[in-house]
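Reading the structure
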Amino acid sequence: MTPRLTELWVYLSASPLLGLTLTLVAYQAAFWLYKRAGFHPLANPVMLAIAMVATVLALSDMDYRTYFDGAQFVHFLLGPATVALAIPLYAQWPKLKAMAGPLMIALVIGSLTAALSAYGIGALLGASQPSLMSLAPKSVTMPIAMAVAEPLGGLPALAAAMVMLTGVLGAIGAPYLYRWLRIGDHAIRGFAIGLASHGIGTARAFQVSEQAGAFAALAMGLNGLLTALSLPWIMPWLERLFGR
């Protein structure tokens, strides 16, 4: 490492700017690779950026708190970015009104299926009760999943990891599934991936079209609300069903 680079590293490592710089550089590099790969789903930029950041943290022996002191600036922007999703959704208002009934049915069925299937499969495979409670809210955004899992006896850190894994797998696998099922309507595609894969799926939907992104944002928000309200009522019934 040259003296100039050494000085830069010493300065950044002692500053909250390190986490912010690392996050932005990792995502830009990941998105460049994503473009070079022809926007192939397997080159998902979120997945690549996570791997890059994790590698740097491991090699530099940096603890997560130090990293997050800088990265929290990006984290803060999630709030305004989420609110701003209402703008493309408003542009789709006519189609939204026309599809309101089917969308609400899909929301209830999809939300319940996401939670019940995760709990059921985990229970059949012998997962512990805290693990099952962490798996159930895997298809909602990370803050909601952690807030729902902890009062139910789940592990917030595990819930966060499951949310991230679900989002990445959904963003990678959804295009193949849509082609196999011959689903071409961008509104349906968007709503499905937003319902199953929350924010990461919504970001992937916006790369397809504004319509897909708008319906994905709607599904993400409604599923978060429905899961937060319904899961505490459903879990006791599931525990009795699986003898927990």
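Worth saying up front: this structure is predicted, and the values here are computed from it rather than measured.

Basis of the calculations
The numbers attached to residues start from 1 for each chain and follow its sequence in the written order. The predicted origin of the model limits local features to residues at a pLDDT of at least 70 and limits the giving and counting of side-chain atom pairs to 80 or more, whereas totals for whole chains, interfaces and linings rest on all residues. Computation of side-chain values: all heavy atoms of the structure, hydrogens and water removed. UniProt positions are given in the numbering used here, feature names are shortened, and annotations may be inferred rather than shown by experiment. Counting from the N terminus, the helices are DSSP H or I runs at least four residues long and the strands are E runs at least two residues long. Where each domain starts and ends follows an automatic or database-derived domain assignment. Throughout, a contact is declared for two residues whenever any of their heavy atoms are within 4.5 Å. Once two parts are joined, some of their accessible surface, as seen by a 1.4 Å probe, is lost; buried area is that loss totalled over both. Two N or O atoms count as a polar contact when they lie within 3.5 Å, although within protein this holds only if one can serve as hydrogen donor and the other as acceptor, and sequence-adjacent residues are included solely when both atoms are side-chain atoms.

The next subject is the UniProt feature "transmembrane region" (unreviewed entry) in the chain. Residues annotated by UniProt as "transmembrane region" (unreviewed entry) correspond here to residues 12-34, 41-60, 72-91, 103-125, 157-178 and 212-234. Helix makes up 80% of residues 41-60 and strand 0%, and the two end C-alpha atoms of the span are 30 Å apart. Helix makes up 96% of residues 103-125 and strand makes up 0%, while its end C-alpha atoms are separated by 32 Å.

This next bit is on the domain arrangement of the chain. Here the chain is described as being made up of domain 1 (3-76) and domain 2 (84-241). Counting residues at the interface gives eleven residues for domain 1, matched by nine residues for domain 2. Buried area between domain 1 and domain 2, summed over both chains or domains, comes out near 770 Å², and the portion from carbon and sulfur atoms is 67%. Of all residues in domain 1, Y34, P41 and N44 bury the most surface against domain 2, accounting for 49% of the area lost on that side. Counting every contact that joins domain 1 to domain 2 gives one residue pair in polar contact (both at pLDDT 80 or more). Listed by contribution, the elements that provide at least two residues to the side of domain 1 that touches domain 2 are α2 (17-36) and α3 (45-60).

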